[in-house]
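Analysis of the macromolecular model
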Amino acid sequence: MTAESSAQKGQEFIAALKQPNLLSLHKLVMVGTGQINNIEVTFTENNGPKTEKGQYFVKLPEALVHKLPGSYVTPQSFVESFPESMVEGESRYKILGGHIGTLNNLAFEAHQDNFDLRVFHGSTNEHSLRLSKLAARGTEDPKNRVHYQDNLAQLIEPVLKTPSDAPLRIVEDCLASGDTLIGVIKAIGDKTKLADHDLGKITIDVAVATTQGVLLLKKFAQDNGINIELNVGYLAYGLSEGKKTAATIGREHANYINFPEELIYEIETVRPEITTLLKPDDQVVGDMGDFSKLIPHDDPEAPEWNSYRSDTYGGPNGTGFPEPDYEENVNQHLLYLSNGGYLMRGLYQYFNNPSGAIKYSEMVFAAKRRWTQEQGYGVLFRDMSDKILK
């Protein structure tokens, strides 16, 4: 897709968001009984059909489904969506640059009608550039994963340390299209005991988010009167178009975060010294889920947050850190989405509760975007515990 058509698709996406009540919770269709494997869907993976089972499926609006893949929302269009946060045009340059931020020195901040946004770092900071470089090398080498997780930890530390009094705090590695989290909030509100609490405010922490995902969550917050507080390490701007053949269900490999060609030209005006490091359609972070796999516990380079993981995602775990445990009558519940959520849980504990003295109410379940033959495009849920279901 050309740079012009990617940017045009981004504008079409922004225009689609202007539809009244587009993302109203009562309009989102949810199917399933909560029983294990009561739903089966078919989608395309590795050029062929694959089936998967789950408990629930949330269908997402067709009006947006075809607007996201291949779209590019420019930094300028993004900051113009928050006019009160524009400082003589400087916002665009700060979110694109190499800024490393703190809670008191953000790259971008906006507060608008039930939506509070903090962006800590510039998009081309030293750690984000290393993530892109490591993404190209793949996830199988443990050394690559060590370096990847270390740079990710540097980026997300101030995000995870941000205070929040929200009853629900979702800790995620990556916000690509944003629709997964819309499905998650729909499922929580309709099918879990958390709906008995006041979920008028939700905090979401992510290491990287696309401009599309941020704007989608802003629209969702405003359509439903939910105060969403979104803390973002840094921004990305492009989503992959994916592949479509006669046999493909939907688009395969769509909505991966990439560098659009036009964005690289834009970066040249801010940081010309780094543009030789970037090529059009390079992945910004690669497969964060696979990069979140455990480093072998007997590896001398194993990071300290390995000790705060109880899972075995990627291999055996030599630690005895407690499993996530949901408790109904507490002030805040933490949610992590597998598989990358296991690393996010380890990092959250490492930065906020190193002694293990504080007991958190925690949940982990799977929420996967799927373009399906049976249900269309949406989010498939698995591994939701009976403890949290109504």
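Bear in mind the structure is a predicted one, so any value in this text is a computation, not a measurement.

What counts, and at which threshold
Residues numbered from 1 in each chain as written. Predicted model: local features only at pLDDT ≥ 70, side-chain atom pairs only at ≥ 80, totals over all residues. Heavy atoms only, no water. Helix = DSSP H or I, 4+ residues; strand = E, 2+ residues; numbered from the N terminus. Contact = heavy atoms within 4.5 Å. Pairing = 2+ DSSP bridges. Axes fitted to C-alpha atoms, helices over the stretch in contact; angles between N-to-C directions. Buried < 20%, exposed > 50% of the residue type's maximum accessible area, 1.4 Å probe, protein only. Core = buried A, V, L, I, M, F, W, Y, C linked by side-chain atoms within 4.5 Å. Phe/Tyr/Trp six-rings, centres within 6.5 Å; stacked < 30°, edge-to-face > 60°. Expected span 1.5 Å × (residues − 1). Parallel < 35°, antiparallel > 145°, perpendicular 65-115°, else oblique. Nonpolar A, V, L, I, M, F, W, Y, C, P; charged D, E, K, R; others polar. Left-handed = near helix turned anticlockwise from the far one by under 90°.

1. Examining the side chain of serine 338
Looking at where serine 338 falls in the secondary structure, it is placed in strand 12 (residues 333–338). Each residue touching serine 338, except ones within four places of it in the same chain, is listed here: Val364, Phe365, Ala366 and Lys368.

2. Observations regarding the sheet that holds strand 8 (residues 201–210)
Taken in spatial order, the ten strands line up as 1-4-14-13-12-7-8-9-6-5 in an open sheet, and their pairing is mixed. Edge positions in the sheet fall to strand 1 (29–32) and strand 5 (108–111), since each has one partner strand and no second. Direction aside, neighbouring strands of the sheet carry axes that sit 20° apart on average. Where strand 5 and strand 6 (residues 115–119) come together, four bridges link them in antiparallel fashion. By the bridge assignment, histidine 111 is partnered in strand 6 with aspartate 116. In this fold helix 6 (residues 142–160) packs onto strand 7 (168–175), strand 8 and strand 9 (227–236), with an angle of close to 155° to the strand it touches most, strand 8.

3. A closer look at the pairing of strand 12
Most of strand 12 is tucked away, with six of its six residues classed as buried. The alternating pattern of strand 12 places His333, Leu335 and Leu337 and Leu334, Tyr336 and Ser338 on opposite faces, both of which are buried. As paired elements, strand 7 and strand 12 share four bridges and run parallel to each other. Counterpart to valine 171 in the pairing with strand 12 is tyrosine 336. Two strands pair when backbone bridges link them, and strand 12 and strand 13 (residues 361–372) are joined in this way by six bridges, in the parallel orientation. Opposite leucine 335, over in strand 13, you have methionine 363 as the bridge partner.

4. Focus: the nonpolar core
Across soluble globular proteins, nonpolar side chains show a tendency to be buried alongside one another. With 111 residues, the main nonpolar core has Phe78, Leu117, Leu230, Val285 and Phe381 as its most contacted residues. For this core, the leading source of residues is helix 6, giving seven residues. Setting aside chain neighbours within four positions, we find phenylalanine 78 in contact with Val73, Ile95, Phe108, Leu117, Thr211, Val214, Leu215 and Leu235. If you look at the next biggest cluster of nonpolar residues, it comprises five residues, including Val41, Phe43, Phe57 and Leu380.

5. Re the packing of aromatic side chains
Inspection of the entire model under this criterion finds 13 aromatic pairs. Relative to phenylalanine 291, the ring of tyrosine 148 has its centre 3.8 Å away and its plane inclined at 0°; by these criteria the two rings are stacked. Of this pair, tyrosine 148 sits in helix 6 while phenylalanine 291 sits in helix 10 (residues 288–291); the two residues are 143 residues apart in sequence, bridging distant segments of the chain. The exposure class assigned to tyrosine 148 is buried, which follows from its relative accessible area of 1%. Residue phenylalanine 291 is classed as buried on the basis of its relative accessible area, which comes to 1%. Taken together, a centroid distance of 4.9 Å and an interplanar angle of 65° make the contact between tryptophan 371 and tyrosine 377 edge-to-face.

6. Concerning the environment of aspartate 150
Within the secondary structure, aspartate 150 sits in helix 6. Taking C-alpha positions, aspartate 150 is 35 Å from glycine 189, a pair spaced 39 residues apart along the chain.

7. Thoughts on helix 7 (residues 179–191)
Three- or four-residue spacings in an α-helix give side chains the same orientation, since the helix completes a turn every 3.6 residues. Between its first and last C-alpha, helix 7 extends 18 Å over 13 residues, near the 18 Å set by a 1.5 Å rise per residue. With ten of its 13 residues buried, helix 7 lies for the most part within the structure. Along helix 7, the positions that sit buried rather than exposed are Asp179, Thr180, Leu181, Ile182, Gly183, Val184, Ile185, Lys186, Ala187 and Ile188.

8. Focus: the environment of proline 272
The residue proline 272 is located in the loop between helix 9 (261–270) and helix 10 in this model. Judged by its relative accessible area of 52%, proline 272 is exposed. Note: C-alpha distance between proline 272 and glycine 101 (171 residues apart in sequence) is 21 Å.

9. Section: the packing of helix 7 against helix 8 (residues 211–224)
Relative to each other, helix 7 and helix 8 sit at 30°, their axes nearing to 9 Å. For the element pair helix 7 / helix 8, the angle class is roughly parallel. Across the interface between the two elements, Asp179, Leu181, Ile182 and Ile185 from helix 7 touch Leu216, Leu217 and Phe220 from helix 8. Looking at the contact of helix 7 with helix 8, its residues break down into six nonpolar, no polar and one charged.

10. Brief notes about the packing of helix 5 (residues 126–137) against helix 6
Across the interface, helix 5 lies against helix 6 with an axial gap of 9 Å and an inter-helix angle of 155°. The orientation of helix 5 with respect to helix 6, classified from their angle, is roughly antiparallel. Crossing handedness for the pair helix 5 and helix 6: left-handed. Where helix 5 approaches helix 6, its residues His127, Ser128, Arg130, Leu131, Leu134 and Arg137 are matched on the opposing element by Asn144, His147, Tyr148, Asn151, Leu152, Gln154 and Leu155. In terms of residue class, the contact of helix 5 with helix 6 is made up of five nonpolar, six polar and two charged.

11. Regarding helix 11 (residues 341–352)
With twelve residues, helix 11 should reach 16 Å at 1.5 Å per residue; the first-to-last C-alpha distance of 16 Å fits that figure. Burial analysis of helix 11 places nine of its twelve residues in the buried class, which makes it a mostly covered element. Here helix 11 has its buried residues at Gly341, Leu343, Met344, Arg345, Gly346, Leu347, Tyr348, Gln349 and Phe351.

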